[in-house]
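Observations on the three-dimensional arrangement
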Amino acid sequence: MMGIYDLFWMSIRSFRANKLRSFLTTLGIVIGVSAVIAMLSVGEGASRKIQEQIASIGSNLLIVLPGSTTAGGVRMGLGTQPTLSLTDAQAVVRECPSVLRVAPIKAGVAQLVYGSMNWSTGVVGTTQDYFEIRDWKVVSGRIFGEEDVKSASKVAVLGQTVVENLFVGDDPVGKVIRIKGMPFTVIGVLERKGQSPMGQDQDDTVIVPISSAQRFLFGTAFPGQIDRMMVQALGPNSIEDAEKEVKQVILQRHRQEDFTVRNLAQFLQVQQESARVMSLLLLSVACVSLLVGGIGIMNIMLVSVAERTREIGIRMAVGARVWDIRGQFLLEALILSTLGGMVGIAVGVVVSYSISRAFGWAVVISPFHILVAFSFSFLVGVIFGFYPAYKASKLNPVDALRYE
């Protein structure tokens, strides 16, 4: 059998003799491989983005919402009937063994004023557990503690968006702002969280002790009334148990189901599953492009076999064996697909970063994606190059020599 070295240079000479055809054949593989890398990168980026958003909200979370109300035959929806209280939150912590923390929330929208600047934003009244549940740390200053909640201290912790719009290049810690006309001292600035899965700016917020929100800002329909509560389970495996326990405890206290418990993990899991399905769909489209490129290789190799039939007959007549002929044409297909794969990888990386810059999408390019794309291109060369090589090796030398 001829050596790989000889077969390789014979293939190169064949490509040089048909430069445009070789280029067009390789172009199909380039497009397919680059599409695979770009789609895998976009899909992985979307999945990572959702994971970051999940982490930014908090882990192992349940949201307890108050009940709905009906007025004049019109159902007003969840949260329109104030049915939850601080004592409910305390009971959940005390009586639910699968619950780690509970953060009661009394929230509203208010106008903030500092000097000549003002900003309208959401104000969240809660306890210190809220920061632990959401894994939200401060970049400067401190968060308020249990004593601040008990004494209804007029202190506030600001999100980054509020700082940027209210304090232009000034350190907010220690400054006094007015919330609905009431003076509050800024004691801390939170780290940046970014957008929530629902597209809301999580950094556009002010967090104050819940007792201060109830007494000075939003008032209550009855003592201790809250808008909702965030419940953190002990771990991922405890969420379902925590949900059952929370429902049981509040139902025993209210004697009617005038509340709703929502499992936030299930909602976010649906979003992640949707992103995964979309990634698979995009990858399927990219694989079709690679398949078309493979068919192009087979087509061109079959044409090459037909054009070089007399050459094949001469080589057989001077002693070339079946595997010499088969190896030559198979190697040609592999060189085309491998070269197209390498160029496609480079193009795919450039396209991925271009998509990221143009549309602001998160893309993640990993060595695994590159390996998958290159392996696909190599397999395309083997699979679609084998039949033309097999056909060439099966030619009758006498018929091949007489072929015009």
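This one's a predicted model, so the numbers in the text were calculated from it and none came from an experiment.

Let us now look at the overall build of the chain. Within the chain, the secondary structure is distributed over 13 helices and 14 strands. Here the chain holds 404 residues, and 45% of them are scored as buried. Put simply, 77% of the contacts in the chain that link residues at least 6 apart link residues at least 24 apart. Of the roughly 20,300 Å² that the chain leaves accessible, carbon and sulfur atoms contribute 59%.

One can find Val189 in strand S10 (residues 182-190). With 52 residues separating them along the chain, Val189 and Lys137 place their C-alpha atoms 8.6 Å apart. Leaving out residues up to four positions away in the same chain, Val189 has contacts with Val138, Val139, Ser140, Val157, Leu158, Gln160, Val163, Pro172 and Val173.

This paragraph deals with the nonpolar core. Counting residues in hydrophobic clusters, the biggest one holds 40 residues, and the most contacted among them are Val64, Met229 and Val246. Residue contacts for Val64: discarding those within four places in its chain leaves Leu84, Arg228, Met229, Val231, Val246, Ile250, Phe259, Thr260 and Val261. In terms of nonpolar packing, the next biggest core, distinct from the first, is built from 22 residues, Ile37, Ala333, Leu334 and Ala389 among them.

Attention now moves to the pairing of strand S9 (residues 176-179). Each regular strand shows side chains that alternate between the opposite faces of the sheet. Because side chains alternate across S9, one face comprises the buried residues Ile177 and Ile179, and the other comprises Val176 and Arg178, none of which is buried. By the bridge criterion, two bridges tie strand S5 (residues 99-114) to S9 in an arrangement that is antiparallel. Each bridged residue has a counterpart across the sheet, and for Leu112 the counterpart in S9 is Ile179. Of the strand pairs in this sheet, S9 and S10 are connected by four bridges, and their pairing is antiparallel. Residue pairing across strands places Val176 opposite Thr185, the latter belonging to S10. Hairpin geometry of S9 and S10 is characterised by an intervening segment of two residues between the two adjacent antiparallel strands and by a positive phi of about 55° at Lys180.

Within this structure, the stated rule accounts for 10 salt bridges. A salt bridge links Glu132 to Arg101; the nearest nitrogen and oxygen atoms lie 3.9 Å apart. Placement of Glu132 in helix H4 (residues 129-133) and of Arg101 in strand S5 is noted, with a sequence separation of 31 residues between them. The shortest N-O distance in the salt bridge between Asp148 and Arg142 comes to 3.4 Å.

Compared with the 39 Å implied by 1.5 Å per residue over 27 residues, the 38 Å span of helix H12 (residues 367-393) between its first and last C-alpha is a close match. What H12 keeps buried is the set His369, Ala373, Ser377, Val380, Gly381, Phe384, Gly385, Pro388, Ala389, Ala392 and Ser393.

Using the criterion set out here, one finds three aromatic pairs in the structure. Arranged with centres 4.3 Å apart and planes meeting at 35°, the rings of Tyr114 and Phe167 form a pair that is tilted. Taken as a pair, Tyr114 in strand S5 and Phe167 in the loop between helix H6 (160-166) and S9 lie far apart in primary sequence, 53 residues in all. Phe167 gets classed as buried once you look at its relative accessible area, which sits at 3%.

Attention now moves to helix H8 (residues 239-254). With 16 residues, H8 extends 22 Å from end C-alpha to end C-alpha; this agrees with the ideal 22 Å at 1.5 Å per step. Within H8, burial applies to Ile239, Ala242, Glu243, Glu245, Val246, Val249, Ile250 and His254. Downstream of H8 by a residue or two, Arg255 has a phi angle that is positive, lying close to 60°.

The subject of this paragraph is unusual backbone geometry. The backbone of Ala152 shows a phi angle near 55°, a positive value even though the residue is not glycine. Inspection of the secondary structure assignment puts Ala152 in the loop between helix H5 (146-150) and strand S8 (155-158).

This part takes up the packing of helix H3 (residues 86-95) against H8. Two elements in contact, H3 and H8, have axes whose closest approach is 10 Å; the angle formed by their N-to-C orientations is 135°. Judged by the angle between their axes, H3 and H8 are oblique. The hand of the H3/H8 crossing is right-handed. Contact residues: Thr87, Asp88, Ala91, Val92 and Glu95 in H3; Val246, Val249, Ile250, Arg253 and His254 in H8. A per-class count over the contact of H3 with H8 returns five nonpolar, two polar and three charged.

Before going further, it helps to spend a moment on a nonpolar patch on the surface. Among the surface-exposed residues, Leu20, Phe23, Leu24, Leu27 and Ile31 lie close enough to one another that they form a single nonpolar patch of about 510 Å² accessible area. As for its position among the elements, Leu27 is in helix H2 (residues 19-57). When its relative accessible area of 34% is taken as the criterion, Leu27 is described as partly exposed.

Per-residue pLDDT for the chain has a mean of 81; in total, 83% of the residues score no lower than 70. In the model of the chain, strand S2 (residues 68-71) stands out as the element of lowest mean pLDDT, 46, in contrast to S8, which has the highest, 96. Note that pLDDT drops below 50 for residues 69-77; the model gives that stretch 10 contacts with residues more than four away or on any other chain.

How each quantity is defined
- Residues numbered from 1 in each chain as written.
- Predicted model: local features only at pLDDT ≥ 70, side-chain atom pairs only at ≥ 80, totals over all residues.
- Heavy atoms only, no water.
- Helix = DSSP H or I, 4+ residues; strand = E, 2+ residues; numbered from the N terminus.
- Buried < 20%, exposed > 50% of the residue type's maximum accessible area, 1.4 Å probe, protein only.
- Contact = heavy atoms within 4.5 Å.
- Areas by Shrake-Rupley, 256 points an atom, 1.4 Å probe, with all protein chains shown as cover.
- Core = buried A, V, L, I, M, F, W, Y, C linked by side-chain atoms within 4.5 Å.
- Pairing = 2+ DSSP bridges.
- Salt bridge = Lys/Arg side-chain N within 4 Å of Asp/Glu carboxyl O.
- Expected span 1.5 Å × (residues − 1).
- Phe/Tyr/Trp six-rings, centres within 6.5 Å; stacked < 30°, edge-to-face > 60°.
- Axes fitted to C-alpha atoms, helices over the stretch in contact; angles between N-to-C directions.
- Parallel < 35°, antiparallel > 145°, perpendicular 65-115°, else oblique.
- Left-handed = near helix turned anticlockwise from the far one by under 90°.
- Nonpolar A, V, L, I, M, F, W, Y, C, P; charged D, E, K, R; others polar.
- Patch = residues over 30% accessible without salt bridge, like charges linked within 9 Å, V, L, I, M, F, W, Y side chains within 5 Å.
- pLDDT = per-residue confidence, 0-100.

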